[in-house]
Amino acid sequence: MPKQDETLKAITANRLRDGTVVFLGPDGRWVEALDEAALFDEAAAEPALAAAKAKAEREQFGVDIYAFDVAVGADGRLPVKMRERIRALGPTVRTDLGKQAAA
Amino acid sequence: MNHIAPGAHAGIYRYDSIDRQFVGERVEQFRKQVARRLSGELTEEEFKPLRLMNGLYLQLHAYMLRIAVPYGVLTSRQLRKLAEIGRRYDKGYGHFTTRQNLQFNWIRLEDTPDILAELAEVDMHALQTSGNCVRNVTTDQFVGAARDEVVDGRVYAEILRQWTTLHPEFTYLPRKFKIAISGADHDRAAVRIHDVGVLAKRNEAGETGFAFYVGGGLGRSPFVAKPVREWVAEEDFVAYLEAILRVYNQYGRRDNIYKARIKILVHELGLERFTREVEEEFARLRGPKYRLAPEIVAEIRRHFAPPPFEELPPASEALERARAANPAFARWVEVNVAEHRAPGYAIATISLKPAGGIPGDATSEQMELVAGLADRYSFGELRVSHAQNLVLAHVKQDDLFDLWQALETAGLGTANAGLIGDIIACPGLDYCALANARSIPLAQAISARFADPERQRAIGEMGIKISGCINACGHHHVGHIGILGVDKKGTEFYQITVGGDPTLTTAIGDILGPSLTEAETVDAIEAIVNTYLARRTEGERFLDTLKRIGHTPFKESVYAAA
């Protein structure tokens, strides 16, 4: 379990077929919700990212794969940067769209 | 009845069998490329340039498909198709852009060949809406209808489109290349912020010719295009443009993406040297091969023949009665309706900027409604403006009240064309992978703050333009008030410029002071406006007041509380 108020890293991509934002899950599968994503500390993130890139290329699954910072606190997970918050939820100006619409 | 067959008289170029075959073959080519990517035969590195050549970007939430609307002119049938694609393949809406194109934000790669095939059914495509090629040629949204028009820019924009589509020399330019053309006394196409800006005009002998401006553009290094030639004869139109593009292709920098646009080349070579190079190339090119024959121009012009206007009195009594009876309608006519060259007709701007709305967005239902209104009131034709609005260019004055009522019912009757609520805004960080900050929420907050139509009218002409990053898709540099979103350690801030001008007296705005938070920015806009209202003389525009009293009073009003 991550400690409270800690900044960790998650790994994200866009799914090749439809562009949907996905996150690397704990078992190496790609998941659609940030809450289900695997979180890594700084040292573990780099090899995990390299492995994810190689796997995605092999499987033709995801593109534009990168790691980003996630703050983990009492209220849950929140991407540190607005860009990743918007990717994780959907446009702030259309809360009826994106992943937030299904929440 | 305005017409017999909806769209039959619309001022668009109609594809012939060769055009249809070409676009159809291109769709099938892309279908195979997508299949090869999905099967793993193509890597992303190999595939990316292929999808970009078909207008398909990868943005924050999904693929974004940018569809070409040549010189911003659409038939009602084409708009209905866009509405249908929005409903079937996207999330029920589309976004009209500052390049008179339409973007869908939630496209699936695997659907894209089918979408392109559906577009081809209505003579549309997404070619050259991305990549280092000649992009959609833009023009005056009132083209063919404006009272002050001298030359019909559609004719020459279409000639350019045909000439540059898959032109082998210009498919891999140093960077993207944007051309705007205007043929009226007033510049409604912002020609001097383009790589090449063309002013079409007539001489005393009645001949058509062109003034060329080169090296304009916004982005990281904004420049106003410089005049390179006052008069290019019609027959030399293609040759002269080809000469410019050849010089750019030869000398433009490919080693540094930030210095690759023609504006940098013109700046670094100097106007004199650049002009000399172009003239030398032009002298080599001139000849039968590049001569634009009058028969070709006439054939293209035939596609843009005026619709069969009725013979009407210059002023409509029905319009005057409706204006007198309905102040809201009278306001809309005053603000959103422009004079038409044909007696008894008018040009109606349909604002896609309701107070608190998302600039340039239209739902599929709204697109279908506007398509129906175009059929009913404007010969089945409509236009997209670079200000992200729609235009019905040929409306009988007698029909304006009925049109307005239909628009009002659909939330499209906002009377703010050219006013403070008519904000240009790029998609910003809510959609765009390049953006540093959000643009849309700020546009919504400002338009909501200034929602009162009487207040807007009292302020008068006011162009607010917002970009979410330095690439300046929202044209912030030439906003009377420009706003640039910046990221400061993960927080969105906004930098305000004042004094920008997109017309022929083009000016790049000056930064007013330190950047502000979103909430502070809305207050700052109000402070600027209030300073203007307090200091202006009778009938004085914002830009004129700014020139007369300078920046200091505006700066003081914005930063007084800081």
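Residues numbered from 1 in each chain as written. Chains lettered and ligands numbered in written order. Predicted model: local features only at pLDDT ≥ 70, side-chain atom pairs only at ≥ 80, totals over all residues. Heavy atoms only, no water.

The name that an unreviewed UniProt entry assigns to chain B is Sulfite reductase, with the source organism given as Azospirillum thermophilum.

Looking at an unreviewed UniProt entry, chain A carries the name DUF2849 domain-containing protein, with the source organism given as Azospirillum thermophilum.

### A few points about the overall build of chain A
Selection rule: Secondary structure is summarised from DSSP: a helix means a run of H or I of at least four residues, a strand means a run of E of at least two, and numbering begins at the N terminus for each. For this measure, only C-alpha atoms enter the radius of gyration; the expected value for a globule follows 2.2 Å times N^0.38, where N is the number of residues.
A count of helices and strands for chain A gives 3 helices and 5 strands. Each helix and strand of chain A, ordered N terminal to C terminal, gives the series β-β-β-α-β-β-α-α. Over its C-alpha trace chain A gives a radius of gyration of 13 Å, about what one expects of a compact globule, namely 13 Å for 103 residues. In terms of overall dimensions, chain A has a C-alpha envelope of 35 × 35 × 20 Å along the principal axes.

### Description of the UniProt feature "domain: Nitrite/sulphite reductase 4Fe-4S" (unreviewed entry) in chain B
All names here are of chain B. We apply this condition: UniProt positions are given in the numbering used here, feature names are shortened, and annotations may be inferred rather than shown by experiment.
Under the UniProt annotation, "domain: Nitrite/sulphite reductase 4Fe-4S" (unreviewed entry) lies at residues 130–283 and 423–558. Counting secondary structure, residues 130–283 comes out at 31% helix and 18% strand; the distance between its end C-alpha atoms is 31 Å. The span residues 423–558 is 37% helical and 18% strand by assignment, and the distance between its end C-alpha atoms comes to 20 Å.

### Examining the nonpolar core
All names here are of chain B. Selection criterion: For the purposes of this section, nonpolar cores are sets of buried Ala, Val, Leu, Ile, Met, Phe, Trp, Tyr and Cys residues that join through side-chain atoms within 4.5 Å. A simple rule labels every residue: compare its accessible area, found with a 1.4 Å probe on the protein chains alone, to the largest value its type can have, and call it buried under 20%, exposed over 50%, or partly exposed in between. Residues count as neighbours in contact if any of their non-hydrogen atoms are within 4.5 Å of one another.
Core analysis: the biggest nonpolar cluster contains 113 residues, and Leu82, Phe212, Phe237, Phe274, Trp332, Leu400 and Leu403 have the highest contact counts within it. When residues of this core are assigned to their parent elements, the largest contribution, 10 residues, is made by helix H6 (residues 237–251). Ignoring anything within four residues of it in the chain, the contact list for leucine 400 reads Leu319, Phe329, Trp332, Val337, Ala346, Ala348 and Val395. Ranked by size, the runner-up nonpolar core spans 33 residues in total, among them Ala443, Tyr494, Ile496 and Tyr559.

### Some words on the sheet that holds strand S1 (residues 56–58) of chain B
Residues and elements named next belong to chain B. Rules: Two strands are counted as paired when DSSP detects at least two bridges linking them. What counts as an axis is a line fitted to C-alpha atoms, over the stretch in contact for a helix, and the angles between N-to-C directions run from 0 to 180 degrees.
Pairing within the open sheet is antiparallel, and its 5 strands lie in the order S1-S2-S5-S4-S13. The open sheet is flanked by S1 and strand S13 (361–363), the only strands paired with a single partner. Mean inter-strand twist for the sheet, computed between neighbouring axes without regard to direction, equals 30°. Note: S1 against strand S2 (residues 63–67), 3 bridges, orientation antiparallel. The residue of S2 that forms the bridge with leucine 56 is leucine 65.

### Examining the interface of chain A and chain B
Where the parts come together, the accessible area they lose is often given as the size of the interface. Here is the rule: When two parts are brought into contact, each loses some accessible area as probed by a 1.4 Å sphere; the total of that loss over both is the buried area. A pair is scored as a salt bridge if a Lys or Arg side-chain nitrogen falls within 4 Å of a carboxyl oxygen belonging to Asp or Glu. For the purposes of these results, a polar contact is taken to be a pair of N or O atoms within 3.5 Å, where, inside protein, one atom must be able to donate a hydrogen and its partner to accept one; residues adjacent in sequence count only when each atom of the pair is a side-chain atom.
If you look at the interface, chain A gives 23 residues, while chain B gives 30 residues. Together, the buried faces of chain A and chain B total about 2,300 Å²; carbon and sulfur atoms form 59% of this surface. Linking chain A with chain B are 2 salt bridges. When the shortest N-O distance is used, the salt bridge between glutamate 110 of chain B and arginine 17 of chain A registers 2.9 Å. Counting across the chain A and chain B interface gives 8 residue pairs in polar contact (both at pLDDT 80 or more).

### A word on the pattern of salt bridges
A complete count under the given rule lists 57 salt bridges over all chains for this structure. Residue arginine 457 of chain B is joined to glutamate 454 of chain B by a salt bridge in which the shortest nitrogen-to-oxygen separation is 3.1 Å. With arginine 457 of chain B and glutamate 454 of chain B both in helix H15 (residues 453–459), this residue pair falls 3 residues apart, about one helical turn. By relative accessible area, arginine 457 of chain B is classed as partly exposed at 30%. Look at glutamate 454 of chain B and you get partly exposed, because its relative accessible area is 36%. Two residues, arginine 548 of chain B and glutamate 540 of chain B, come together in a salt bridge whose shortest N-O distance is 2.8 Å. A network of salt bridges, in which partner residues are shared, links Arg15, Arg17, Asp18 and Glu32 of chain A together with Arg108, Glu110 and Asp111 of chain B.

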